[in-house]
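Geometric and topological summary
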Amino acid sequence: MSEVTNIQTGKNVRLKGIGIALIGAALMSLDPVFIRFSGVEEAETSFLFGLFTAISMAVVIQLNDKRGLFRVLCESGWPLLVAGVLMLGSASGLVAAIKNTSVANTFLIFSKTPAIAAVFSWIFLREKVSKQTLFAIVGVFVGIAVVVSGSTDTGNWRGDLLAVFAVSCLALMMTLLRKFPDVSRMGAVGTGGFLLAATMFFFTEPSTFSLNTWLIMGAMGLLTAPFGRVLSMVATRFATATEVSMTLMLETVLAPIWAYIFFTEVPGANSLAGGAIILITITAYTLHLTKGEN
């Protein structure tokens, strides 16, 4: 009876992680909408993204954590700084990729996060990958193959390579936070935002930004983007890095939908078919987790 209870508890914990990751994915899928509407180049967009993210996370930590901002950062130690650097790489790479290739291409490349996360988890954490997760990864890659087969002439190599760099940083960050569950997730996102703003400040002239740009990036940097990333990191406390990154593939399906709604960026038939395969795979995988793995 005790063993059955433990199994049920473990399933519920992992399902909680999956649910948190789904909300995070939905929020992060809005990134390209704000980035495209910002009206400035990638360095300026990255600066504002990082600035507002750092501000929002610092305020939330100070108001909600009795330890205070300074103590939270200090107690998280060196993993916080490393996570911040990886966040810097992931966020700046994402912004640059969206500016240089299609939204669909960018997020299809982000679909490779599970495979990369699985490799990193095996190398650094020695986590075993279940058969069900492997099947899900294969399903996602089939979806990607379908999309790419019909869109080889979209985007460009620079944007695609930047997306690969961004997704590698994201997968490594998830693996790191899985290894160190006590590291403040908000602190990691805030640190990454601060590093991003500090780096891009030298390549921008904030005084030239329009009010519209400040407002649009404020909405992204203060609300959707940081909290989406925090939720994706919090999810790693309850589920493995591979499971979380699999769930975050919902972002791959939603982002092109927003691109169509706001920019009439129409994905081809192959993109729609591939997106459907990815969505079905994620749904089946999540439903499987509600029943528990063998």
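- Going by the annotation in an unreviewed UniProt entry, the name recorded for the chain is DMT family transporter, with Aliisedimentitalea scapharcae given as the source organism.

1. Side note on the nonpolar core
- Judged by nonpolar contacts, the single largest core of 57 residues is most densely connected at Phe 49, Met 173, Met 220, Val 244 and Leu 248.
- Not counting residues within four places of it along the chain, the set of residues in contact with Phe 49 comprises Ala 91, Val 95, Leu 196, Met 217, Met 220, Gly 221, Ala 225 and Arg 229.
- Residues Ala 118, Ile 137, Met 246 and Ile 278 belong to the second largest nonpolar core, which totals 11 residues.

2. Points about the pattern of salt bridges
- Per the counting criterion, the structure on display carries 3 salt bridges.
- For Arg 67, the salt bridge identified is with Asp 65, shortest N-O distance 3.0 Å.
- Note that Glu 75 and Arg 71 form a salt bridge whose closest N and O atoms lie 2.6 Å from each other. Separated by 4 residues within a single helix, Glu 75 and Arg 71 lie in helix α4 (residues 69-76), roughly one turn from each other.
- For Arg 71, a relative accessible area of 47% puts it in the partly exposed group.
- Several salt bridges converge on common partners, so that one network encompasses Asp 65, Arg 67, Arg 71 and Glu 75.

3. Some thoughts on the side chain of Thr 175
- For Thr 175, the position within the fold is in helix α9 (residues 157-179).
- For Thr 175, a relative accessible area of 2% corresponds to the buried category.
- Engagement of the side chain of Thr 175 in a polar contact is seen with the backbone oxygen of Ala 171, the distance being 2.9 Å.

4. Structural notes on the side chain of Ser 232
- Among the secondary structure elements, Ser 232 is positioned in helix α11 (residues 211-234).
- With relative accessibility at 3%, the residue Ser 232 sits in the buried group.

5. Notes on the packing of helix α3 (residues 42-64) against α11
- Two numbers describe how α3 lies on α11: the axes approach to 8 Å, and their chain directions differ by 55°. Accordingly, the angle class assigned to the pair α3 and α11 is oblique. For the pair α3 and α11, the crossing hand works out as right-handed. Each of Thr 45, Leu 48, Phe 49, Leu 51, Phe 52, Thr 53, Ile 55, Ser 56, Met 57 and Val 60 in α3 lies in contact with α11, whose residues at this interface are Thr 213, Trp 214, Met 217, Gly 218, Met 220, Gly 221, Leu 222, Ala 225, Pro 226, Phe 227, Arg 229 and Val 230.
- Within the contact of α3 with α11, the residues separate by chemical class into 15 nonpolar, 6 polar and 1 charged.

The rules behind these values
Here the residue numbers are simple positions, counted from 1 along each chain's written sequence. Reporting of local features is limited, given that this is a predicted model, to residues whose pLDDT is at least 70; pairs of side-chain atoms are given and counted only at 80 or more, and all residues count toward the totals for whole chains, interfaces and linings. Based on all heavy atoms of the structure, the side-chain values leave hydrogens and waters out of the count. Take the buried residues of types Ala, Val, Leu, Ile, Met, Phe, Trp, Tyr and Cys, join any two whose side-chain atoms come within 4.5 Å, and each joined set is a nonpolar core. Relative accessibility decides the category of a residue: with a 1.4 Å probe and only protein chains considered, values under 20% of the type maximum give buried, values over 50% give exposed, and everything between is partly exposed. Any pair of residues with heavy atoms lying within 4.5 Å of one another is described as a contacting pair. Salt bridge, as applied in this entry: a Lys or Arg side-chain nitrogen positioned within 4 Å of an Asp or Glu carboxyl oxygen. In DSSP terms, a helix is any run of H or I states spanning at least four residues, a strand is any run of E spanning at least two, and both are numbered starting from the N terminus. For this analysis, a polar contact is any N or O atom pair within 3.5 Å, provided that within protein one partner can donate a hydrogen and the other can accept it, and provided that sequence-adjacent residues contribute only side-chain to side-chain pairs. Under this scheme, a helix contributes an axis fitted over its contacting stretch, all axes are lines through C-alpha atoms, and angles between N-to-C directions fall in the 0 to 180 degree range. Angle categories: roughly parallel below 35 degrees, roughly antiparallel above 145, roughly perpendicular from 65 to 115, and oblique for all the rest. Left-handed describes a crossing in which the near helix is turned anticlockwise from the far one by less than a right angle; the clockwise case is right-handed. Lys, Arg, Asp and Glu make up the charged group, whereas Ala, Val, Leu, Ile, Met, Phe, Trp, Tyr, Cys and Pro make up the nonpolar group; the residues left over, Gly among them, are polar.

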